[in-house]
Amino acid sequence: MIAIRTVRRFLFLLLVAFQLQVGLAQDGNPFLTHYKLPDGVSNQNWDFVQGDNGLMYILNRKGIFSFDGLQWENLKVMGRPIALAYSNDLFYCTDRGVGYMDISPEGQFQEHLLIQSTDENYFYKFCHLSDGLLVVSPTTICKITTQPQIKVDTIHFDDRPQVFISDLFELEGGVYHIQNRALICLNKPDGGYEIVAGLPIGFDMTFSFVHSENAYFGATDNKLYRFDGDRLTPFSFDDQDYIVASVPTGGVSVDDKTFALATLNGGSVLVNSNDGTTAYTLNYVSGLPDDEIYSLGRDSDKGLWLSHGMGISRADLNVPVKSYSYYQGLRGNVLSAAMYNSKLYVGTSEGLFSLDEKRDYKAISVPIRRKVKPAVAQPDPEPAPTAPEPETIEKKKRGFLSRLFSRGSDRPENIEVQSSGQYVDAPVQEAKDLPPQRRTIYQLQSVTHHYDQVQAVKGKVKQLLPYNGKLYVLSNLGLFEVDDGKVNHIVRDLNLTFVEPLPDSPNSFILGADGGAYLATKLREEWVLHPLVEGYNGQIVSAIKFDNQRFLLSSEFDVLLVTQQQANNYEVTKIAIPGTQYSNPIVRWHKEKPYAFSSSGAYLFDASMNTLMLDDDFPIHEISTIMF
C-alpha cells in the first residue's frame, strides 16, 4: 500500500497549499484512483481483502492475486476460486475445497488444503470470528481456529434434500445461516437451529452484509431488508427511486453509520444507515469508469474498492479532499471556493457559481403480474409457510451453485402490486382473460450535480467570505452580499483585492483595492465607505486592526501603519526595517500578536514604538502556512 499512501500524502499537501476547506460536503465525491488490470486477468473481480502486510488480495475469476498499488502477483492457487478471507493467513475456497496460504522459508507463497470438497458441495463463504473463521457449504458449517494453530471443527451439518444453506453471518455473538435463500436460522450450540425470520413467500435473498449490529439482505423483490437479531424489516432509502432503478447487487460496511451498495447500472451508493440518506453516489457521471459494480471491499485506510468492467477503482474516504471537477457548468479559472448554507460556491474568472443537485429520471412502463383468488368478504390470513417440494429446492440449489462461478446477479422479477406476499382480491377468471395492467416507475438516467452561475454577481470573483449568516463575494467590480439566494451589490466600482471582517464590529469590513484601502460599515440598511488609504501606488493585499485607532496594512512592497486622527481622517506611515527589503509582506494575527510575514522572516509589531522587529524564535517552516 506504499503507493496509495504516497498519493494520500500528496493530496494532503495540495489541500494545505490551497486551503480549500470544503469539509465533508455530501455533494462532493471522494477522490477516485483507477487501476488497470494486467494482461491475462479477467475484469470480473469478486472480492477484496487486506492482509496484515498491507497488500490487497483480490479474488478474480481467473485466480487470486495480490496487489500493492503498483504490482500484481498471481498466487497460482489450484482450482476455480470462490471466496477468500484473511485471519493471520490468507484463506480461500475453490472448487477443490478450503485452504490457506503462508510464506515459505524461501519467501514464496505456498498453499495448504484443509477441507476437500466432494459432490459439488462447494464451500463458498467465510465469516470472521474473534478467534478465527467460519466457512460454509450447502450442507456444512465449519469453524477454522487460526490461533495458536490452525484447526477445523464441524459445527453444523444437514444433508436433507429439502434444505440447503445459502448464506452465513455472525451477529452480536450469534451464528446464523440462511436456509433455501429465504429463512434466517439461528444456530444452536448442540448443532441444531431455530428459524427466527424469513422473507415474504415467493422471494429469495440475493446478497447479504453485516453493518453496525445489523444484517442486511438484498432480495429478488428488489428491496433491501434489515435484520436486528429479532425482526426482518424493509429498509427505506431517501433516494428510493434511484436505488431501486439501479438494482442493488451487493453491499459492504464502510464505517459505523455508512454502508455502500453495489448496483447493476447505477454505480455505488453510500448510504447513512441511521436515516437512509445518500452520503455519496459514485457512478459514471462522478468519475467512475463503469456503472456496473461487480463487488466492493474495504481497506484499513478507509478506502472503498470497487470492481467494474473497466478494472478496479478506489475511493479514498479518509483524506479531506473531494472531487468537484466532473460536474458540468463551471466556466473560467477557479480562484476561490466556500461552503455556505450547505452548498458549495465557486468563484472564477467568469463569475460566481453554485453547485446544485440534478436528478434525472426517465418514466418507463413495466408489466404488473397479479395473483388472483376468489373475492371474499374478509381477507384470508397470511398463509403459513409450508415446506417446498424437494424438486423445487433442488432446482434453486443448482442455480445457487452455478452462480458461484459466474456471479450473475439475481434480477428482480416483474414488479408486484403487493410485495408482502399477500394476494390482490379480484373476481375469479382465467389469468389469460385478465386485462393487461402496467405500472410507471422511474428509471435512473443520472444523479449528479451541476454548476449554475449566479447571474447577479458580476466580474472576476477573487474571494468568498461566509460571515454572520451571509456570503460576501469580492470581485474586481466591487463587493456583493448573498443572503439566501438574494444578491445585493453593496460596494461598486472598485477593483477589490481582499475583504477582512473586523472581530469587534460584526457590521464592518476592511477592503483592499487598487490604490487604497477602505473601511466599509453597515448603518441601518446602507453600507458606507470610509477611505483608510487613497492614492497609493499599488495594491493593498492584507490588513488587521489592533486597537481603536490603528490599522496595519500591507501592499506588494510595503507595510503601512494607518492611524486615525479625527473622524474619517487617517494618517499613513510606511514601516521600514533598516537593512531589509520586504518581499510580498502579509500582515496577520498570530497567537494574539500582530505580525508581518515575508519570505525573509516573521516580524513582530511593537505597538509602543510603531516598529517591526525580526522574531528570531519564530519557526521558519510555519511562515508559508500562515501567509497562505
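Residues numbered from 1 in each chain as written. Predicted model: local features only at pLDDT ≥ 70, side-chain atom pairs only at ≥ 80, totals over all residues. Heavy atoms only, no water.

Asker: Describe the overall build of the protein, naming the residues involved and giving the relevant values.
Answerer: From N to C terminus, the protein includes four helices and 51 strands. Taking all 628 residues of the protein together, the buried fraction comes to 49%. Nonlocal contacts in the protein, meaning residues at least 24 apart in sequence, comprise 48% of its contacts between residues at least 6 apart. With an accessible surface of roughly 31100 Å², the protein has 48% of that area assigned to carbon and sulfur atoms. (Helix = DSSP H or I, 4+ residues; strand = E, 2+ residues; numbered from the N terminus. Buried < 20%, exposed > 50% of the residue type's maximum accessible area, 1.4 Å probe, protein only. Contact = heavy atoms within 4.5 Å. Areas by Shrake-Rupley, 256 points an atom, 1.4 Å probe, with all protein chains shown as cover.)

Asker: For the environment of Leu335, give the residues involved together with the corresponding values.
Answerer: Within the secondary structure, Leu335 sits in strand S30 (residues 334-340). Given the relative accessible area of 40%, Leu335 is considered partly exposed. Each C-alpha atom of the pair Leu335 and Gly347 lies 5.6 Å from the other, and the pair is twelve residues apart in sequence.

Asker: Please set out unusual backbone geometry residue by residue, giving values where relevant.
Answerer: Cis peptide bonds are those with omega within 30 degrees of zero, and the linkage from Gln147 to Pro148 qualifies with 0°. Mapped onto the secondary structure, Pro148 falls in the loop between strand S12 (140-145) and strand S13 (151-157). Positive phi, normally seen in glycine, also occurs at Asp119, with a value near 50°. One non-glycine residue with positive phi stands out, namely Asn468, at about 50°. Of note, Asn468 is situated in the loop between strand S36 (461-467) and strand S37 (470-475).

Asker: So what's going on with the side chain of Ser475? Residues and values would help.
Answerer: When you line up the elements, Ser475 lands in strand S37. For Ser475, a relative accessible area of 0% translates into the label buried. A distance of 2.9 Å separates a polar atom in the side chain of Ser475 from the backbone nitrogen of Leu477. In this view, Ser475 contacts Lys458, Gly459, Lys460, Val461, Lys462, Phe480, Leu494 and Leu496; residues no more than four positions away in its chain are not counted. (Polar contact = N/O pair within 3.5 Å; in protein donor to acceptor, adjacent residues only side chain to side chain.)

Asker: Summarise the sheet that holds strand S2 (residues 45-50); cite the residues concerned and give the values.
Answerer: The strand order S2-S3-S4-S5 describes an open sheet built from four strands, whose pairing is antiparallel. Two strands close off the open sheet at either side, each with one partner strand: S2 and strand S5 (72-74). Taken over all neighbouring pairs, the strand axes of this sheet differ in orientation by 25° on average, direction set aside. (Pairing = 2+ DSSP bridges. Axes fitted to C-alpha atoms, helices over the stretch in contact; angles between N-to-C directions.)

Asker: Would you mind going over the pairing of strand S39 (residues 486-492) in detail, with residue names and values included?
Answerer: Sheet topology places strand S38 (residues 478-483) next to S39; six bridges connect them, and they run antiparallel. Residue Asp483 lies in a different strand from S39, and its bridge partner there is Lys486.

Asker: With reference to specific residues and values, describe the pattern of salt bridges.
Answerer: A complete count under the given rule lists 15 salt bridges for this structure. Residue Arg331 is joined to Glu350 by a salt bridge in which the shortest nitrogen-to-oxygen separation is 3.9 Å. Of this pair, Arg331 sits in the loop between strand S29 (322-323) and S30 while Glu350 sits in the loop between strand S31 (343-348) and strand S32 (351-367); the two residues are 19 residues apart in sequence, bridging distant segments of the chain. Overall, Arg331 belongs to the partly exposed group, its relative accessible area being 41%. A residue is classified by how much of its surface remains accessible, and Glu350, at 42% relative accessible area, is partly exposed. The structure contains a network of salt bridges with shared partners spanning Asp299, Arg314 and Asp316. (Salt bridge = Lys/Arg side-chain N within 4 Å of Asp/Glu carboxyl O.)

Asker: Lay out the pairing of strand S28 (residues 311-316) in plain terms, naming residues and giving numbers.
Answerer: Summarising burial for S28: six of the six residues are buried, a large majority. Taken together, the five bridges between strand S1 (residues 29-35) and S28 define a ladder with antiparallel strand orientation. Across the sheet, His34 pairs through a bridge with Ser313, a residue of S28. Direction of pairing for strand S27 (residues 303-308) relative to S28: antiparallel, over a ladder of six bridges.

Asker: Could you give an account of the packing of aromatic side chains, with specific residues and numbers?
Answerer: Applying the stated criterion across every chain, the model contains 31 aromatic pairs. Between the aromatic rings of Phe169 and Tyr176, the centroid separation amounts to 5.1 Å while the plane-to-plane angle is 5°, which identifies the pairing as stacked. Phe169 gets classed as buried once you look at its relative accessible area, which sits at 3%. For Tyr176, a relative accessible area of 7% corresponds to the buried category. What links up through ring pairs into an aromatic cluster is the set Tyr35, Phe48, Phe65, Phe67, Trp72 and Trp305. (Phe/Tyr/Trp six-rings, centres within 6.5 Å; stacked < 30°, edge-to-face > 60°.)

Asker: Go over the confidence of the model for the protein, please, and point to the residues and values.
Answerer: Note: predicted coordinates in regions of low pLDDT should not be interpreted at a detailed level. On average, residues of the protein score 82 in pLDDT, and 81% of them reach the 70 mark or higher. Scored below 50 in pLDDT, residues 368-387 shows 30 contacts in the model against residues more than four places distant or in partner chains. In the predicted structure, residues 413-434 sits below a pLDDT of 50 and forms 41 contacts with residues beyond four places in sequence or in another chain. (pLDDT = per-residue confidence, 0-100.)

Asker: Account for the sheet that holds strand S42 (residues 516-523), naming residues and giving values.
Answerer: Overall, antiparallel pairing links the four strands, which are arranged S40-S41-S42-S43 in an open sheet. Here the strands that pair on one side only, and so sit at the sheet edges, are strand S40 (496-502) and strand S43 (526-533). Geometrically, the sheet is characterised by an average inter-axis angle of 25° between neighbouring strands, direction not taken into account. Summarising the sheet, S40 and strand S41 (residues 505-513) pair through six bridges and their orientation is antiparallel.

Asker: Report on the side chain of Asn45, specifying residues and quantitative values.
Answerer: The topology assignment puts Asn45 in strand S2. Side chain to side chain, Asn45 and Asn60 meet in a polar contact 2.8 Å long.

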